[in-house]
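# Structural description and commentary
Residues per chain are reported as follows:
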Amino acid sequence: TLETAPKSDGNTAEANKKIKTTITRLNTLFDQLLNFHKVTSDDKLIKEIAKLPLHNHLQKVVNNFKPLLGKRNLTLRIDDRWKKDFFFYDKDVFDKIIFNLISNAIKYSKEGGEIIVILQNDKKEGLKLSVVDDGIGIPKDQQKFILKRYYRGRNAINSQMPGTGLGLMIVKSLVERDKGTIE
């Protein structure tokens with residue numbers, strides 16, 4: 001394995017680091033493609049509704065991002081306006097939604113910026129989840145396309161950040177499957 005390979009010089013160590021990064025990126029892409037296929041091809045997913053203590057559950061998810069937040073000198077805070085003790089929803093689906101939204105916010109935020117995840121009740125007593133950041137944004141003329149498969153905004157492409165254009169499409173499919181909306 002790469003961990004046990006002898007590190008004879010700086011070039012070998014650098015090459016191993018690049019290989020690990022590439023493997024991680026490929027694994028992430030493979031996972032996204034599998035999720036995309038699952039979301040778009042299986043209309044009758046069996047849901048496992050869980051009783052989620054929303055703030056605590058979200059905090060656990062956010063903790064997974066701490067190394068990446070630290071690397072980019074970003075702060076992430078939860079603005080909890082949710083008026084109930086629990087949220088009943090499929091935990092796996094919720095995690096996929098929040099993971100994709102926070103990942104995008106981190107990826108496109110300016111170094112040293114802030115990300116805010118807002119939890120609140122909507123007009124129908126459902127959950128309204130907002131992710132606010134001070135990143136590069138989506139140009140007005142491209143916003144109507146951003147939820148389409150494989151679409152990436154001009155500024156996202158120009159940012160040189162890797163991406164597939166699948167993350168928001170996956171979020172949209174998951175949210176709409178449960179009669180929700182994304183905007």
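Residues numbered from 1 in each chain as written. Predicted model: local features only at pLDDT ≥ 70, side-chain atom pairs only at ≥ 80, totals over all residues. Heavy atoms only, no water.

## Observations concerning the overall build of the protein
Scanning the protein from N- to C-terminus turns up six helices and five strands. Scanning the protein from its N terminus toward the C terminus, one meets helices and strands in the order α-β-α-α-β-β-α-β-β-α-α. For the protein, the share of sequence-separated contacts (at least 6 apart) that also reach a separation of at least 24 residues comes to 67%. For the protein, the computed accessible surface area is about 12100 Å², with 54% contributed by carbon and sulfur atoms. (Helix = DSSP H or I, 4+ residues; strand = E, 2+ residues; numbered from the N terminus. Contact = heavy atoms within 4.5 Å. Areas by Shrake-Rupley, 256 points an atom, 1.4 Å probe, with all protein chains shown as cover.)

## Topic: the pattern of salt bridges
Where charged atoms of side chains with opposite charge meet at close range, the side chains can pair. If you walk through the whole model with that rule in mind, you get five salt bridges. The partner of Lys 172 in a salt bridge is Glu 176, and the shortest N-O contact between them spans 3.5 Å. Separated by four residues within a single helix, Lys 172 and Glu 176 lie in helix 6 (residues 167–177), roughly one turn from each other. According to the relative accessible area criterion, Lys 172 is partly exposed, its value standing at 24%. (Salt bridge = Lys/Arg side-chain N within 4 Å of Asp/Glu carboxyl O. Buried < 20%, exposed > 50% of the residue type's maximum accessible area, 1.4 Å probe, protein only.)

## A look at the packing of aromatic side chains
For the structure shown, the criterion picks out four aromatic pairs. Arranged with centres 5.6 Å apart and planes meeting at 85°, the rings of Trp 82 and Phe 87 form a pair that is edge-to-face. Since its relative accessible area comes to 12%, Phe 87 is described here as buried. Grouping aromatic residues by their ring pairs yields a cluster made of Trp 82, Phe 87, Tyr 89 and Phe 94. Over the ring of Phe 86 we find Lys 51; its NZ or CZ atom is 4.3 Å from the centre of that ring. (Phe/Tyr/Trp six-rings, centres within 6.5 Å; stacked < 30°, edge-to-face > 60°. Lys NZ or Arg CZ within 6 Å of the ring centre and 35° of its normal.)

## Considering helix 6
Most of helix 6 sits out of view: nine of its 11 residues are buried. All of the buried residues along helix 6 are Gly 167, Leu 168, Met 169, Ile 170, Val 171, Ser 173, Leu 174, Val 175 and Arg 177. Of the residues one or two after helix 6, Lys 179 is the one with positive phi, at around 65°.

## Observations concerning the confidence of the model for the protein
Overall, the predicted model of the protein reaches an average pLDDT of 77, with 66% of residues at or above 70. The low-confidence segment residues 153–159, where pLDDT is below 50, has 15 contacts with residues more than four positions distant or belonging to other chains. (pLDDT = per-residue confidence, 0-100.)

## Some words on the packing of helix 4 (residues 91–108) against helix 6
With their axes 9 Å apart at the nearest point, helix 4 and helix 6 run at an angle of 145° to one another. In this structure, helix 4 crosses over helix 6, and the sense of that crossing is left-handed. Along its contact with helix 4, which presents Val 93, Lys 96, Ile 97, Asn 100, Leu 101 and Asn 104, the element helix 6 presents Gly 167, Leu 168, Ile 170, Val 171, Leu 174 and Val 175. Tallied by class, the residues present in the contact of helix 4 with helix 6 amount to eight nonpolar, three polar and one charged. (Axes fitted to C-alpha atoms, helices over the stretch in contact; angles between N-to-C directions. Left-handed = near helix turned anticlockwise from the far one by under 90°. Nonpolar A, V, L, I, M, F, W, Y, C, P; charged D, E, K, R; others polar.)

## Observations concerning the environment of Lys 91
The residue Lys 91 is located in helix 4 in this model. According to the relative accessible area criterion, Lys 91 is partly exposed, its value standing at 40%. For the pair Lys 91 and His 57, spaced 34 residues apart in sequence, the C-alpha to C-alpha distance is 9.2 Å. If we skip the residues at most four places from it in the chain, Lys 91 touches Glu 48, Ala 50, Leu 52 and His 57.

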